[in-house]
Amino acid sequence: MPGNHKHKSFEGHMHDYDAHIKAVEEDLEYYRAKRFEPRIIYLLRRGVVTFYDLLKARTALKKKNQFFKIKKPQGKNIEARVRYLEEWLDEYVKGIALVSARAVESMDMVTEDNRKERGDYDDFFKIKKKEHHGTLQERMVNLEQDLKDYQELLEVFVQALIKRGWSNRAELDQRWQQLHEERPWAGGTIVARAWTDPAFKQELLSTGREALREMGVHQGKVGKLVVVENSDKVHNVVVCTLCSCYPYDILGDTPWWYKHESYRTKIVQNPRATLEEMFDLKVPVNKEVQVYDSTSDVRYFVLPQRPAGTEGMSEEELAKLVTADSLIGAGYALEPRQLSEVEKSGATPEMPRVRPD
């Protein structure tokens, strides 16, 4: 291949089923033991609901009145079952967000309260996470049962909140629809934290999923997440040569050009020239260009370099400098003067690109 660059490719779509199942196991236990159950305990202590409310709600629960309705798996092969578990986990995480927004906010519960309740400062209060053993098939069966049990507790809790008058079905239905329509863009927040917190940056580069999970960012249907850092020596760029694999649960909607065959082909063949042609991005000749090929098993995003002249800026201000292009490697993070110009013009903070014929 011409030019000073490397290309890391992983053929095919989902192959590493174990990585996907491990991600579901770890995410499920994290959200149960650190996000949901500590908040139930907090609300029980304060009488928002009681154990008796939960028992009554469980006894009165009828299938036709259930709030959460889980779809059946589409297909019987192993990939369909894995996707089914990932989608079920997504519904569970959204369900936690739903009840947290309604019940927890009404009690003015803050992050510090949750940390205390989940045992961050005292091991005595830590909720034990389940360990997972056995073959892949056995673990998948166990996950289906765990998800069923955990979802049932979530359902009972929602019914109890409705019964106690903390919310109503219409309000929850509306918010539930919003949670499925919204696609939060966490890229700027993630990068700004990494620019200002060296410990978090190291965790992000070394653990990916775990660092974002602690930050409260759910990664969705991703088996493994790899964050690659741009530097004075290396410029990284991401592509999916097979289709358009992209961590949209983290980075938002996929840019049109990322899915275009021209980008997918040219960025591998000659990334330096493609970056200049499509994005007007000139990578210095003394800097290596590294191309990463995303798959269903491994997703990538780029940690761009922090622009000069941003010392003293807050995380919120820094986050505005991060564009979707810079998280893929098709652009640099904006400089403060560029952001000012963009905000004055009302344009979107993206680099120009040439639409291929």
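Described below are features of the structure shown in this document. (Residues numbered from 1 in each chain as written. Predicted model: local features only at pLDDT ≥ 70, side-chain atom pairs only at ≥ 80, totals over all residues. Heavy atoms only, no water.)

Describing the overall build of the protein
Point 1. In terms of helices and strands, the protein carries 16 helices and five strands.
Point 2. Split into buried and exposed, the 357 residues of the protein put 47% on the buried side.
Point 3. Considering only contacts in the protein between residues 6 or more positions apart, those separated by 24 or more positions represent 77%.
Point 4. Of the roughly 18400 Å² that the protein leaves accessible, carbon and sulfur atoms contribute 50%. (Helix = DSSP H or I, 4+ residues; strand = E, 2+ residues; numbered from the N terminus. Buried < 20%, exposed > 50% of the residue type's maximum accessible area, 1.4 Å probe, protein only. Contact = heavy atoms within 4.5 Å. Areas by Shrake-Rupley, 256 points an atom, 1.4 Å probe, with all protein chains shown as cover.)

Looking at the pattern of salt bridges
Point 1. In the structure shown here, the tally under the stated rule is 22 salt bridges.
Point 2. Between E277 and K266 there is a salt bridge whose closest N-O contact spans 3.6 Å. Highlighted residues: E277 in helix α13 (residues 271–279) and K266 in helix α12 (residues 261–269), separated in sequence by 11 residues.
Point 3. On the basis of relative accessibility, which here comes to 43%, the residue E277 falls in the partly exposed class.
Point 4. Beyond isolated ion pairs, a larger network of salt bridges with shared partners links E26, D27, R209 and R213. (Salt bridge = Lys/Arg side-chain N within 4 Å of Asp/Glu carboxyl O.)

Section: the pairing of strand β3 (residues 234–239)
Point 1. With respect to burial, β3 is a largely interior element, five of its six residues being buried.
Point 2. Taken together, the six bridges between β3 and strand β4 (residues 288–293) define a ladder with parallel strand orientation. Its bridge partner being in β4, H235 is matched across the sheet by V289. (Pairing = 2+ DSSP bridges.)

Let's talk about the environment of V217
Point 1. In this structure, V217 sits in the loop between α9 (209–215) and β2 (224–229).
Point 2. Remark: the alpha-carbon pair of V217 and T189, spanning 28 residues in sequence, is separated by 10.0 Å.
Point 3. What V217 contacts, discounting residues up to four positions off in sequence, is Y31, A186, L212 and I250.

Topic: the nonpolar core
Point 1. I190, L212 and Y263 are the most contacted members of the largest nonpolar core, which has 52 residues in total.
Point 2. Apart from residues lying up to four places away in sequence, I190 is in contact with F200, L204, L212, M215, I250 and F301.
Point 3. Formed by 41 residues, the second largest nonpolar core is a distinct cluster that contains M14, I40, L43 and L61. (Core = buried A, V, L, I, M, F, W, Y, C linked by side-chain atoms within 4.5 Å.)

A short note on unusual backbone geometry
Point 1. A positive phi angle, near 55 degrees, is found at D280, a position not held by glycine.
Point 2. Tracing the chain through its elements places D280 in the loop between α13 and β4.
Point 3. Judged by its relative accessible area of 53%, D280 is exposed.

Some words on the environment of A80
Point 1. Locating A80 in the fold gives a position in helix α3 (residues 78–106).
Point 2. Here A80 is in contact with Q74 and G75, once residues within four sequence places are set aside.

Regarding helix α2 (residues 51–60)
Point 1. Listed as buried for α2 are D53, L54 and A57. The buried residues of α2 occupy an angular sector of 100 degrees when projected down its axis, which confines them to one face. Counted as exposed and oriented over 90 degrees from the buried face of α2: F51, Y52, L55, K56 and T59.
Point 2. If you follow the buried residues of α2, they end up packed against α1 (17–45) and α5 (136–163). (Arc of directions from axis to C-beta.)

Observations regarding the packing of aromatic side chains
Point 1. Enumeration according to the criterion identifies 16 aromatic pairs in this entry.
Point 2. Arranged with centres 5.1 Å apart and planes meeting at 80 degrees, the rings of F67 and F68 form a pair that is edge-to-face. Neither residue differs from the other here; F67 and F68 are each classed as buried.
Point 3. Ring centres of W257 and F279 lie 4.6 Å apart, and the angle between their planes is 70 degrees; this geometry places the pair in the edge-to-face category. (Phe/Tyr/Trp six-rings, centres within 6.5 Å; stacked < 30°, edge-to-face > 60°.)

Considerations on the side chain of S296
Point 1. Along the polypeptide, S296 turns up in the loop between β4 and β5 (298–303).
Point 2. Residue classification places S296 among the buried residues on the basis of a relative accessible area of 2%.

Regarding the packing of α1 against α5
Point 1. Taken N-terminus to C-terminus, the directions of α1 and α5 make an angle of 25 degrees; their axes are 11 Å apart at the nearest point. Looking at the two axes, α1 sits roughly parallel to α5. For the element pair α1 and α5, the recorded crossing hand is left-handed. (Axes fitted to C-alpha atoms, helices over the stretch in contact; angles between N-to-C directions. Parallel < 35°, antiparallel > 145°, perpendicular 65-115°, else oblique. Left-handed = near helix turned anticlockwise from the far one by under 90°.)

Observations concerning the packing of α12 against α13
Point 1. Their axes nearest at 6 Å, the elements α12 and α13 cross at an angle of 135 degrees. On the basis of the axis angle, α12 is oblique to α13. The segment α12 lies against α13, with Y263, K266, I267, V268 and Q269 engaging P271, T274, L275, E277, M278 and F279.

A short note on the environment of K34
Point 1. Mapped onto the fold, K34 is located in helix α1.
Point 2. Setting aside its immediate chain neighbours within four residues, K34 contacts E29, N114, R118, D120, K129 and E214.

Nothing here speaks to function; it is all geometry.
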